[in-house]
Number of protein chains: 2
Amino acid sequence: MITVFSGGTGTPKLLQGIKEIVNLEDLTIIVNTLENDYFSGVYVSADVDTVLYTMADMINEKFWYGVSGDTFITNERLAELGTPELLRIGDIDRATKIQKTLLMETHTLSEAVSIQAENMGIKSKILPMSNENSDIKIITDIGELEFHDFLIKHQCEPQVLDIKFSNVSPAPGVIEAIKESEMVIIGPSNPITSILPILSLDGVREALKDTYVVAVSPIIGTDTVSGPASKFMNVSGVEVSAKGVASFYADFLDCIVIDSLDENLKEDIENIIENVEITNTIMKDINIKTNIAKIVLNTIDL
Amino acid sequence: MITVFSGGTGTPKLLQGIKEIVNLEDLTIIVNTLENDYFSGVYVSADVDTVLYTMADMINEKFWYGVSGDTFITNERLAELGTPELLRIGDIDRATKIQKTLLMETHTLSEAVSIQAENMGIKSKILPMSNENSDIKIITDIGELEFHDFLIKHQCEPQVLDIKFSNVSPAPGVIEAIKESEMVIIGPSNPITSILPILSLDGVREALKDTYVVAVSPIIGTDTVSGPASKFMNVSGVEVSAKGVASFYADFLDCIVIDSLDENLKEDIENIIENVEITNTIMKDINIKTNIAKIVLNTIDL
């Protein structure tokens, strides 16, 4: 079994490659739920939905959020009526969110997601990291902001002074998935707001120490491939570089895949992590995604 | 000022006629809320929305429910996902229901509807009969059913043995509207499930006794013009005829408009109600609707 830790942007791209070459029944994806919240009356588990849509071949690849080719009839009408939505929810996407909200009246988030994955014909296991409600606040120069307010309303522009988030318990199956896996892949997601919440769950770091773990760096040079990771890394005291990522995961990481442009960092990182692989990590087409997936999966004999 | 009591089917048709000839600012519509409930995670005030859409010229005139020309993208996707909706909610209609649900987090239903009416450019006052949650159960030969289950899932087919509903308080403005009106019009809605809930509000019957009240019969011959009224009237001991309607409202009614086909009942009804007007009440086009509205409004000098 292979387990992937995922956020909502970088890792889903890699999942498209992994999906091409592994046995889908042997794949478990543990997904960040830190920013889950109610919007427009429905429960939004944005990263989980992105992973669902990615695995169901429905993802909108422009935004890595929502459904490809979706319409926005209800969303546009809400704006006309004077109640614009903070999250732009499409009509097909809204059905996912309504169903999840209704299922959660009698099921945990894990159970709801499992039902939805089955409904969408997904053969891999998608595990929300936790069934508990969590909370994340971004402390900025303009005040304390909700994560989605920082991300969407303020377009990540304010200066980030601190990040606070609540600790939650792992959902059933999370620790077991790590322990039963031959390989855990830390996808190229935001180390602070997507991966750290998973690492902070009780028992995860300990389980990772006993498992083969390979990460794909979300940083090329001193820049993030996608998303606001660099601001969050800076404020968390993590160097914005592949080396910073390697250091951040050093206590459990066995291998890191870094970009060809960072070849100069290889020797330095090898002082921290045993195995460093180099390839093109800009995932602009399916061939590149599949190539990275192959490199990751070939770092040990599975 | 003129006040109209409305349910969700017959009276909205008459409102289209009334709308053509009165000063819209002088019109108040008190709407049944007995069957309000949550569906698909949103608060549904079906009769209120039908009146909103009627007054905003958006009503779907085939079903007297929902928005004309609406799409059903989210609704159809929910069915695909295995969570079919009991109420078929269109994409534009869903925006109304989402907004109402969100507004009700900080407002009463009355306030929410007032905001929505303004957003839709409606100049008349639309007053939900109550801001309290009510409950209606239809006791049938196959057991106790929720109203919408009886209406939609069971298509009104079970034999009705009894109807139970909870008493609620009138919303602010309801009694005042009746007292300040020169005329109250009881629309041709279901006397038992649409009008009786309004009549049962504390103070309404008393206020009606001091006001000029005219009703339009929803019954022609021994048949209802629309909806399942006859089953409900039968079980409530109300004769299914214009005479039965007249008797039911006798304690406060000053005038009743009955259909030309019921001319033979005129004398009989005149023993119960002072003034009986006769016209074609099958509201199949706007001319007929406007004609009935004129007859109603001309029964006294306004």
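Residues numbered from 1 in each chain as written. Chains lettered and ligands numbered in written order. Predicted model: local features only at pLDDT ≥ 70, side-chain atom pairs only at ≥ 80, totals over all residues. Heavy atoms only, no water.

1. Here's the deal with the overall build of chain A
Inclusion rule: A run of H or I in DSSP becomes a helix once it reaches four residues, and a run of E becomes a strand once it reaches two; helices and strands are each numbered from the N terminus. Between the two quantities, the radius of gyration covers C-alpha atoms and the globule rule is 2.2 Å times the number of residues to the power 0.38. Think of it in three bands: residues with accessible area under 20% of the maximum for their type are buried, residues over 50% are exposed, and the middle band is partly exposed, with areas taken using a 1.4 Å probe on protein chains only. Two residues form a contact once any of their heavy atoms are found within 4.5 Å. Note that accessible areas follow from Shrake-Rupley with a 1.4 Å probe, and for residues the cover is restricted to the protein chains shown. The charge count includes Lys and Arg as positive and Asp and Glu as negative, but it does not include His or the ends of the chains. Working definition for charges: the position is that of NZ of Lys, CZ of Arg, CG of Asp or CD of Glu.
Counting its regular elements, chain A contains 13 helices and 14 strands. Its C-alpha radius of gyration of 18 Å places chain A within 12% of the 19 Å reference for a compact globule of 302 residues. Once the C-alpha set of chain A is aligned to its principal axes, its extents read approximately 60 × 45 × 35 Å. Split into buried and exposed, the 302 residues of chain A put 59% on the buried side. Partitioning the contacts of chain A with sequence separation of at least 6, the portion at a separation of at least 24 is 66%. Carbon and sulfur atoms make up 45% of the accessible area of chain A, which totals about 12,000 Å². Of the side-chain charges in chain A, 22 are positive and 46 negative, and the distance between the mean point of each set is 4 Å.

2. Description of the sheet that holds strand β13 (residues 255–259) of chain B
All names here are of chain B. Note the cut-off: Here, any two strands with at least 2 DSSP bridges between them count as paired. Axes here refer to lines fitted to C-alpha atoms; in helices the fit is confined to the stretch in contact. Angles between the N-to-C directions go from 0 to 180 degrees.
Here we have seven strands laid out as an open sheet, ordered β5-β2-β1-β9-β10-β13-β14, and parallel in their pairing. The two strands at the open ends of the sheet, each matched to only one other strand, are β5 (125–128) and β14 (275–279). Pairs of neighbouring strands in the sheet enclose a mean axial angle of 20 degrees, with direction left out of account. Looking at chain direction, β13 and β14 are connected through five bridges and run parallel. Looking across to β14, one finds that Ile258 is bridged to Ile278. Where helix α8 (residues 191–199) meets the sheet, its contacts fall on β1 (2–6), β2 (27–31) and β9 (183–186), and the angle it forms with β1 comes to roughly 130 degrees.

3. Thoughts on the sheet that holds strand β1 (residues 2–6) of chain A
Residues and elements named next belong to chain A. Taken together, seven strands build an open sheet; the order of strands is β5-β2-β1-β9-β10-β13-β14 and the sheet is parallel. The open sheet has two edge strands with one neighbour each: β5 (125–128) and β14 (275–279). Neighbouring strand axes in the sheet, compared pairwise and without regard to direction, differ in orientation by 20 degrees on average. Relative to strand β9 (residues 183–186), β1 runs parallel, the two sharing four bridges. Bridge pairing in β9 places Thr3 opposite Val184.

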